[in-house]
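Structural features, examined
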Amino acid sequence: MECYISCARLFFVLLSLFLFYHQKHYFCPAENQLISTLKGSLMKKKNILDRLNDKQRVAVEQIEGPIMVLAGAGSGKTRVLTYRVAHLINQGIDPMNILALTFTNKAAKEMKERIINLVDNKNARNVWMGTFHSIFARILRIEGARLGYPSHFTIYDTEDSKRLMKAIIDENQLDNKIYIPNYVLNRISSAKTSLVTSSSYNQNPEFITYDKMTAKPKIGLLYSLYQNRCFKASAMDFDDLLLNTFILFRDFPDILYKYQQKFMFILVDEYQDTNFSQYMIIKKLAANNENICVVGDDAQSIYAFRGATIKNILNFKNDYPDLKTIKLEENYRSTKTIVNAANSIIVNNKEQLSKEIWTNNESGNKISLIQATTDNEEGTLVANSIFEHKMNQQLKNDSFAILYRTNAQSRAFEEALRKLNIPYKIYGGLSFYKRKEIKDLLAYIRLVINNNDEGALVRAINFPSRGIGKTSLQKIIIASEEQNKSLWQVIEQMPKQSLTISTATQNKIATFVTMIKSFSVQLNSKNAYALGREIASTSGILKTLYEDQSPEGFNRFENIEELLNAIKDFSEKDQGNIPIGGDIENEFRGLAEFMQDVALLTDADTSNKENPDHVSLMTVHAAKGLEFPFVFIVGIEENLFPSIQSLNSIADLEEERRLFYVALTRAQKKVTLSYTENRYRWGNLTLAEPSRFIDEIKVDLIESPQKASIHLSKTKGFGGTNKKITQANFLSHSRKKLKKLGDLSNQTNESIIGDEMNNLQTGMLVAHQRFGKGKVINVDGAGPNRKATVFFPNIGQKQLLLKFAKLKIIKSE
DNA sequence: ACCGTATTCAGCGCG
DNA sequence: TGAATACGGT
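Remember, predicted model here, so these are calculated numbers, not experimental data.

**Description of the overall build of chain A**
When helices and strands are tallied, chain A shows 32 helices and 21 strands. Buried positions account for 58% of the 813 residues belonging to chain A. Within chain A, counting contacts between residues at least 6 apart in sequence, those at least 24 apart form 77% of the total. Here chain A has roughly 34400 Å² of accessible surface; of this, 51% comes from carbon and sulfur atoms.

**What about the protein's contact with DNA strand C?**
Taken together, Lys166, Arg411, Trp682 and Gly683 are the residues near DNA strand C. A share of 42% of the atoms of DNA strand C within 4 Å of the protein falls on sugar and phosphate groups. Class assignment for the residues of the surface near DNA strand C results in 1 nonpolar, 1 polar and 2 charged.

**Brief notes about the sheet that holds strand β9 (residues 368–372)**
Judged by pairing direction, the sheet is parallel, and its 6 strands sit side by side in the order β9-β14-β13-β10-β12-β11 without closing on themselves. The sheet terminates laterally at β9 and β11 (424–426), the two strands that pair on one side only. Across this sheet, the average inter-strand angle for adjacent strands is 20°, counted without regard to direction. Pairing of strand β10 (residues 400–404) with strand β13 (residues 628–633) involves 4 bridges; the strand directions are parallel. What sits directly across from Ile402, in β13, is Phe632.

**A word on the pairing of strand β1 (residues 67–71)**
Buried residues dominate β1, accounting for 5 of its 5 residues. Here 5 bridges tie β1 to strand β8 (residues 324–328), and the two strands are oriented parallel to one another. Looking at β8, one finds that Val69 is bridged to Ile326.

**Considerations on the packing of helix α17 (residues 336–346) against helix α29 (residues 650–664)**
For any two helices packed against each other, one specifies the crossing angle of their axes together with the interaxial distance. Running from N to C, α17 and α29 cross one another at 180°; their axes reach a closest spacing of 9 Å. Viewed along their axes, α17 and α29 adopt a mutual orientation that is roughly antiparallel. Residues Ile338, Ala341, Ala342, Ile345 and Ile346 of α17 form the contact with α29, whose participating residues are Arg657, Arg658, Phe660, Tyr661 and Leu664.

**As for the packing of aromatic side chains**
In total, this model carries 21 aromatic pairs according to the counting rule given. Residues Phe249 and Tyr259 carry aromatic rings whose centres are separated by 6.1 Å and whose planes lie at 45° to one another, so their mutual orientation is tilted. Of this pair, Phe249 sits in helix α13 (residues 238–251) while Tyr259 sits in helix α14 (residues 253–262); the two residues are 10 residues apart in sequence, bridging distant segments of the chain. A single burial state applies to Phe249 and to Tyr259, both of which are buried. Geometry around Phe153 places Arg141 over its ring, the cationic atom sitting 4.3 Å from the centre. In this structure, Arg681 packs its charged tip against the face of Trp682, placed 5.4 Å from the ring centre.

**Thoughts on helix α4 (residues 54–61)**
Helical geometry: 3.6 residues make up each α-helical turn, so side chains three or four residues apart lie on a common side. Residues of α4 that are buried: Gln56, Ala59 and Val60. For α4, the angular spread of buried residues about the axis comes to 95°, placing them on one side. The opening residue of α4 is Asn53, an N-cap whose side-chain oxygen sits 3.1 Å from the backbone nitrogen of Lys55.

**Notes on helix α8 (residues 158–171)**
Compared with an ideal rise of 1.5 Å per residue, which puts 14 residues at 20 Å, α8 spans 20 Å between its outermost C-alpha atoms and is within 8% of the ideal. What α8 keeps buried is the set Asp160, Ser161, Leu164, Met165, Ala167, Ile168 and Ile169. On its buried side, α8 packs onto α9 (181–193), α12 (219–232), α20 (436–449) and α21 (454–462). One side-chain oxygen of the residue at the start of α8 lies 3.0 Å from the amide nitrogen of Glu159, identifying that residue as Asp157. Phi turns positive one or two residues past the end of α8, at Gln173, with a value near 50°.

**As for the sheet that holds strand β3 (residues 128–131)**
Spatially, 6 strands are ordered β3-β2-β6-β7-β1-β8 in an open sheet, and the strand pairing comes out parallel. Either end of the sheet is taken by a strand with one partner, and the two such strands are β3 and β8. The mean inter-strand angle of the sheet, taken between neighbouring strand axes irrespective of direction, is 15°. Both strand β6 (residues 265–268) and strand β7 (residues 292–296) contribute to a ladder of 3 bridges, which runs parallel. Directly across from Val268, in β7, lies its bridge partner Val294. Taken strand by strand, helix α6 (residues 105–118) contacts β2 (98–102) and β3, and its axis lies near 155° from that of β3.

**What to know about the confidence of the model for chain A**
For chain A, per-residue confidence averages 81 on the pLDDT scale, and residues scoring 70 or more make up 80% of the total. In this model residues 1–45 is a low-confidence stretch, pLDDT under 50, and it forms 106 contacts with partners more than four residues away in sequence or in other chains. pLDDT under 50 marks residues 708–755. Its contacts with residues more than four places away, or in other chains, come to 89 contacts.

**Here's the deal with the side chain of Lys232**
You can see Lys232 is positioned in helix α12. When residues no more than four places from it in sequence are discounted, the contact partners of Lys232 are Asn452, Ser480, Glu481, Asn484, Lys485 and Ser486.

**A word on the pairing of strand β14 (residues 667–676)**
Regular strands show a simple pattern: their side chains alternate between the two faces of the sheet. Among the 10 residues in β14, 9 count as buried, and that is most of the element. Direction of pairing for β9 relative to β14: parallel, over a ladder of 5 bridges. Bridge pairing in β14 links Ser368 to Thr672. In terms of strand pairing, β13 meets β14 through 5 bridges, oriented parallel. Within β14, the residue paired with Phe628 across the bridge is Ala667. You can see the chain leave β13, run along α29 and come back into β14, and the turn it takes is right-handed.

**Section: the nonpolar core**
By size, the foremost hydrophobic cluster in this structure holds 66 residues, and its most contacted members are Phe136, Ile266 and Leu285. Top element by residues in this core is α13. It accounts for 7 residues. Contact partners of Phe136, with chain neighbours within four places excluded, come to Leu101, Leu241, Leu242, Thr245, Ile281 and Leu285. Judged by nonpolar contacts, the second largest core, of 54 residues, contains Met494, Ile535, Leu545 and Ala592.

How each quantity is defined
Residues numbered from 1 in each chain as written. Chains lettered and ligands numbered in written order. Predicted model: local features only at pLDDT ≥ 70, side-chain atom pairs only at ≥ 80, totals over all residues. Heavy atoms only, no water. Helix = DSSP H or I, 4+ residues; strand = E, 2+ residues; numbered from the N terminus. Buried < 20%, exposed > 50% of the residue type's maximum accessible area, 1.4 Å probe, protein only. Contact = heavy atoms within 4.5 Å. Areas by Shrake-Rupley, 256 points an atom, 1.4 Å probe, with all protein chains shown as cover. Near = heavy atom within 4 Å. Nonpolar A, V, L, I, M, F, W, Y, C, P; charged D, E, K, R; others polar. Pairing = 2+ DSSP bridges. Axes fitted to C-alpha atoms, helices over the stretch in contact; angles between N-to-C directions. Parallel < 35°, antiparallel > 145°, perpendicular 65-115°, else oblique. Phe/Tyr/Trp six-rings, centres within 6.5 Å; stacked < 30°, edge-to-face > 60°. Lys NZ or Arg CZ within 6 Å of the ring centre and 35° of its normal. Arc of directions from axis to C-beta. Polar contact = N/O pair within 3.5 Å; in protein donor to acceptor, adjacent residues only side chain to side chain. Expected span 1.5 Å × (residues − 1). pLDDT = per-residue confidence, 0-100. Right-handed = clockwise from strand over helix to strand, strands pointing away. Core = buried A, V, L, I, M, F, W, Y, C linked by side-chain atoms within 4.5 Å.

Rendered as structure tokens:
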């Protein structure tokens, strides 16, 4: 819980950083160092190439023609990509003519920063670097008119899609037990990924027979209805961004030609995780120049379950006969032990390209194995082990990561780390922009930008509640279906409609319409922040949350303020700081421009500005592309890792194995595996046995299990480099550290209330950041739930959770 | 319209 | 187990 809130704050800190390039990358200390070194020693063009090994160098220097780089884990893949772009720019290529597609926004942003630091060219930021979705969303905003979309089209997130699909299933009186919204959406998604439109779906024997076989013959119909509804709302879902780009290029050769000319050089990162539609788009774009460089590692393909296919790597050879393939096989990241362990795992996969990863690094520590009795004990043992490593080797928290297969496993580790006052951060989980209050305000903003946005309208009209209920909305939806209009078009022409809605309700709707219109007209003239605030207050969102006396309500209020602050930051910065690409004519930084960034932003772009020194907790999937000195891979049990769902097919099991390979290769110095004999799953205790993956690691690379709990007195040294610490020494040392840790923990987890707050008593005068001075009326609750009732003369009585409210005691009596 | 209770479901998740 | 949603009563 606490994490969400710190996440929330962080998210927008990060959002602003994302937008303005002030971001530091915490996970790549080596590269970071490199950058500062380079900056300091006035980079010259030829120095770039000196930093590469022979193979990397070929991959960077061979700028013309098709190139495929098969880059093993830790082999400097990112460096090849960044240096290649830098090299292109140094060769005089206009950055505007370079297209670089990445897997995440974060990767794009980090790479771009590095490139800007590598080259002495102010225009370097104009490289079109971003995810497939963000790049093609941009192109669709420019060219979408050809397909009948306005440039301000909405991008539906998965929640919008689900809401819409539910509604459609309902409206068509289909059984939502048979037509489960998520299932239907998955079918549609895989169709779109295969470039099958709704009309071709209904003629596609493969899809039709499958749906008949599974007794869901109406899916094709639902697909059509869904597409129609999205189109009326001027909305695209994530898959549409790719599908529509493909259609655009397929049906409008002039546009395809334009972008083929523009993108003279194309680079694709994480090629093993691209799907068919991405493959086809790339193929089209590169068809003219064939200056295309793809980088990937088939051994790290872990997203087949959502449509990615390594066929793209195999097909690549067929598409470009004069393809040059380069294998990067030297690992710079990990110890010999880790590299060998990873190799001994991956050979068990039948389907793979031949590659032999090796390293010149030291042998390092053996892989440790922790055996626990219960999942809680697993948490404790891992946390203790982290603590022990820290103490013995004087390490920071950010040297450690705990990786798990499923998010549900995180709890035991959180609790154990909290007990030891070790700051941690959970990556993944509920992100800021998915919070209700944020989505509420964003819904208004979306509606103001795109009146036809159905998802936004349904949300906004319901909150704050204004007496327009389900029944009225249902009538509006029916009318919109009958007339093939958007919901907005129906309510805008309300008086002309013969709807069976009471005059009172009609008046309420009319008021709502007028309000939204009054915002819309200001969109292109008013400052984003001013308009955002006006929307937040006029809509009643601020007021409603303000009047909510509960601590949660207070928090929501704060989150809205946080969002408004982010908008303010955005609007105040001058243009030229556009996150992706650069040759954009639009210099006005209004709300619409802000929203274009937000729609495609995710939590993966977070890191911790307030206290970067934390242990990272995340799924193995989320860890892709990251590295840590010490990695704990937990829950290495049959039916969990490999997952029980993967045991039906060899292909799935092989993907699990690749996933385990990815997990291992995140580590630089040491890997610790853990498993438990008993695990709570869905409320009941189940027996667990060690994963087959443990047996697949060569025996000489792994230690036999450590069983009993680790106590301070049992501390042993690790490896050669650390200094020996006598027991007495260690204890006194650890006490100091403990205290320091407590302080840090206080910042990150917000779980410990400062000493001062423990002394808070009724009658004291306190100061609050926003509410000003007030008097404490009551204090109750304990630990993280400790809260105070404070009377603020100007505002009134407020209940504040002490762990969130940054109260200062002014006067004790 | 809203709230408390019953029921359901449970894998990883880029954008 | 626990969260997220559906239901049903006021």
